[in-house]
Amino acid sequence: MLSTALRTLRTRWVTFVGSFVALSLGVALIAVMGLALASSLDAPDRAPERFAAAPVVVKGQDTLEVPTSIGDRTQKLAQPRPVPDDAVAKLRDLGTVVEDRSFEVRAEGGPGDLVGHPWSTAAFAPYELDAGRAPKAADEVVVSGDWARPGSRVRTDAGTVRVVGTVAGLGFEDAVFYTDTRAAELSPRSVQLVVDADAAAVREAVRGSGGVEVLTGNARRYADADPDRDSEALTAMNAMFGTAGGVTGFVSVFVVASTFAFAVAQRRREFGLLRTAGATPGQIRRMVLSEALVVGVLASAAGCVLGSYGAPKLAEWAVDESLAPRWFSIGDYTWPYHMAFWTGLFVALCGVVAASWRAGRTGPTEALREASVDTRAMTWGRWLFGAGLLITAAVTLALALVSNPSDLLHRKTYVSRPMLLITGVALLAPVLVRPLARLIAWLPAQLPGAAGMLVRENAAAGVRRTAAVAAPVLVTVALAGSLLGATATLNEAKATEVREQTAADFVVAPAGDAGFDEATLRKLRAVPGAEVSATASSAVYVLEEGVALIRSDARAADPELLADTVRLPLAAGKVSDLDDDSIIVNEEWEKHAVGERVDVWLGDGTKKTLKIAAVMTIGTGNNGVYVTPRNAPAAPVDRVDVRLADGADTAAVAAGLRDAVRAPGGQVLARDAWVRATYPETNRTTRMGFFLVLGIALLYTGISLANTMVMATSDRVRDLAVLRLAGATKWQVLRLVGAEALMVVTVGGVLGALVAALNLMGMWSALGLLSVWTSIEIPWATLGAAVGACAVLAVISAVAPAGLSLRRRAVELAGVRE
């Protein structure tokens, strides 16, 4: 059978080109992702950046550690504690102490990620002046990089400053250095400091100071901003490539299986002749499996070669797009190649198993069949697996809606769940395409002429061909609609929550991350006609089920003022019952009964037992908790809601608010403008991952479409010749072929849109159960672009071989025999 398979591959090479290309690309992508994942597992520890030249760094407590029955559980504190004053006094006796501060700076014409520091900390990076001098006055600064030169004046959110010096950028930040006094005014809290003293003496001085850390050597990197950003970036990158790898495997199996199934259906007369010549069903099956084995081995080997060239390019792209750390590169690993090769071979064999079984069932009488109408397009296996997958998708969705609707809002769920529905609908496609094709072509069939009727009947008669062409379009449209639609719907739901919960007429936000000071708050409260409610961001930690330390975002507010400016989605209790001994939680907490007491840790790590005053619905997961300001120590006021008093003039109040925040810097937004400004956006890494997934799907769709259309059109040479003999012109025949291709792509697009709509309906239902009613967001532009690309490719792939075949005389084509 192997020799027969090789001869078949040589004579029917067009049939297998698409499978070879799809499989080799799939193996290449698996190899690339395997190499990327392997390289990220051995990531080196990042060296200190801002404190590379610092002798010793002393850091206040910034981690909450809670013992449990299965070990200690830790969380980063929302409000790290400063080094205690008595410890600082002891450290000053040992040597020079320099307090560190970091705060956001917004400057016209400057980078978007500017961060301010005291000039005395510049020597610890070390930064060195390459022009100008050090700052001496409150309005003088030194900047890194070349975006401003000495002598220039720059308007910032904290006032206009004059650049008196520049330092060369070190790559890890864009810095603005103020005098130490001015930096202390802009960022009063300091949670870490540098000590020029012996490390052992420093440790002795801070012994017993409660969570204070002494950092030396490579550990000084933990004093840098976001010291875990490399590992977080690698984790996000692994998730992105893992998702893309899963979709690659799914789509490659789908394409290979579809291609082989269609090829087997086309060759039924060939198999019938072999059966007439004495071939057994087992020999037919072994021949088809041998063909897949040969294609699988060659394609997998080619894919591994492509992967070795593609992996470094992907690493460069990830670094350029800031999806991976600057140092990331592909290492020397062999196991990803083994994984990719054997996975590709397994995919090829799995994709042809069903086709080989059907080929073996071909009877000798199939050699005598001339009918073009497909019969028995659905086998019992397709019915069983297709219906089973749809039932499984429906049951799992129902269980999730009943038990835990919020699980449907997680990325891993709305990425994986569509696969069941896509596969189920694709398996049942031969049942769906005939009535759908007749429905879509009904109106064209009523027009004068026979073209519309022929398009309808050809698509309905060639069920296998229609299903094979529509299936990859279904996959692309369904994935695009499900993934992009899910993120857009979830973003709109979050915006709906913000819109419904904001009852204020104006929202005032600070320019930086330090929040508003007390003097600014007094000015805001003094604005005539303004009822002001200031809230601060913090966090609360709770131990769930005795082993999981969970962080919940918290807002600290005065209960009476809060009730006037915010509409909380309460399921029980009252906002006015909130006091210093209580907390407002949501239904996601293990304890969420009004009046029940719960042990919590505040944002600075202080443990308290608070009574539940009210309970909010879960929503999209952004409904955190509410406490009073006393239970959010050191939390910065980062939002001020303002409601107009009766009879107050809107313009006058807005002007007064702007005057109050002009000096420290701030933004006054009307309610609708605030909602637009805070409209959530999909995480950039997630967005890039989705486009990578959709790019893979569209690539495979193109391969499958081109291959299937070429195969189908080549198989219809005699049909086209009959049309020519019946009087149709060459251009009429080509227009008919193109119209059929467009109609079949439309069938696939409709089925894909249906799958996407069903998936989004599940998310919409989950949001409704979580008390968030929003619209379903369908990415029509993306879906239109995907269907348009498929249509162009399908028409070209159908018309081009048809045009080449019509170059011969119709009489000669009509006489062609297989």
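Notes on the structure follow. (Residues numbered from 1 in each chain as written. Predicted model: local features only at pLDDT ≥ 70, side-chain atom pairs only at ≥ 80, totals over all residues. Heavy atoms only, no water.)

## Some details on the sheet that holds strand E1 (residues 56-59)
With respect to topology, 4 strands assemble into an open sheet ordered E4-E12-E1-E13, the strand pairing being antiparallel. Strand pairing shows two members of the sheet lacking a second neighbour, strand E4 (97-100) and strand E13 (213-215), which therefore form its edges. The sheet shows a mean angle of 25° between the axes of neighbouring strands, direction not considered. Where E4 lies against strand E12 (residues 192-195), 4 bridges are found, and the strand directions are antiparallel. Bridge assignment links Val97 to a residue of E12, and that residue is Val195. Contacts from helix H5 (residues 199-206) reach E1, E12 and E13 within the one sheet, and its direction differs from that of E1 by about 15°. (Pairing = 2+ DSSP bridges. Helix = DSSP H or I, 4+ residues; strand = E, 2+ residues; numbered from the N terminus. Axes fitted to C-alpha atoms, helices over the stretch in contact; angles between N-to-C directions. Contact = heavy atoms within 4.5 Å.)

## Section: empty space enclosed by the protein
The full count for this structure, using the stated rule, is 3 cavities of 30 Å³ or more. By volume, the second largest cavity is sized at about 50 Å³. As for the second largest cavity, its lining consists of Val105, Ala107, Leu114, Val141, Val143, Trp147, Val154, Thr156, Val161, Val163, Val176 and Tyr178. Contributions of two or more residues to the lining of the second largest cavity are made by strand E8 (140-144), strand E9 (153-156), strand E10 (159-167) and strand E11 (174-178). Within the lining of the second largest cavity, the residues separate by chemical class into 11 nonpolar, 1 polar and no charged. (1 Å grid on protein atoms, 1.4 Å probe; cavity = no way out; pocket = protein on both sides within 12 Å on 5 of 7 lines; lining within 4 Å. Points joined across faces, edges and corners; volume = space filled by probe spheres on them. Nonpolar A, V, L, I, M, F, W, Y, C, P; charged D, E, K, R; others polar.)

## Topic: a nonpolar patch on the surface
Together, Leu41, Trp335 and Met339 make up a nonpolar patch on the protein surface, roughly 320 Å² of accessible area in all. By the secondary structure assignment, Met339 is in helix H9 (residues 335-360). (Patch = residues over 30% accessible without salt bridge, like charges linked within 9 Å, V, L, I, M, F, W, Y side chains within 5 Å. Areas by Shrake-Rupley, 256 points an atom, 1.4 Å probe, with all protein chains shown as cover. Salt bridge = Lys/Arg side-chain N within 4 Å of Asp/Glu carboxyl O.)

## A few points about the nonpolar core
Across soluble globular proteins, you tend to see nonpolar side chains buried next to one another. In this structure, Ile422, Leu479, Val747 and Leu767 are the most contacted members of the largest nonpolar core, which totals 56 residues. Of all elements in the fold, only helix H11 (411-427), helix H12 (429-440), helix H15 (463-501), helix H20 (684-715), helix H22 (730-769) and helix H23 (780-805) reach the threshold of two or more residues within this core. The element that contributes the greatest number of residues to this core is H15, accounting for 15 residues. Val747 has contacts with Val433, Leu436, Ala437, Ile440 and Ala470, leaving out every residue within four places of it along the chain. By size, the runner-up hydrophobic cluster in this structure holds 37 residues, among which are Val527, Ala534, Ala635 and Val661. (Core = buried A, V, L, I, M, F, W, Y, C linked by side-chain atoms within 4.5 Å. Buried < 20%, exposed > 50% of the residue type's maximum accessible area, 1.4 Å probe, protein only.)

## Some words on the pattern of salt bridges
Scanning the model with the defined rule gives 19 salt bridges in all. Between Glu204 and Arg207 there is a salt bridge, and its shortest N-O distance comes to 3.0 Å. Classification of Arg207 by relative accessible area gives exposed; the value is 59%. One salt-bridge network, held together by shared partners, links Lys59, Asp62 and Lys76.

## Notes on H11
The first and last C-alpha atoms of H11 sit 26 Å apart over 17 residues, in line with the 24 Å expected at 1.5 Å per residue. Regarding H11, the residues found buried are Thr413, Tyr414, Val415, Arg417, Pro418, Met419, Leu421, Ile422, Gly424, Val425 and Ala426. (Expected span 1.5 Å × (residues − 1).)

## Examining helix H3 (residues 85-94)
Residues Ala87, Val88 and Leu91 constitute the buried set of H3. In a view along the axis of H3, the buried residues occupy a sector of 100°, so they form one face of it. Relative to its buried face, H3 has exposed residues pointing more than 90 degrees away, namely Asp85, Asp86 and Asp93. Of the surrounding secondary structure, the elements contacted by the buried residues of H3 are E1, E4, E12 and H5. (Arc of directions from axis to C-beta.)

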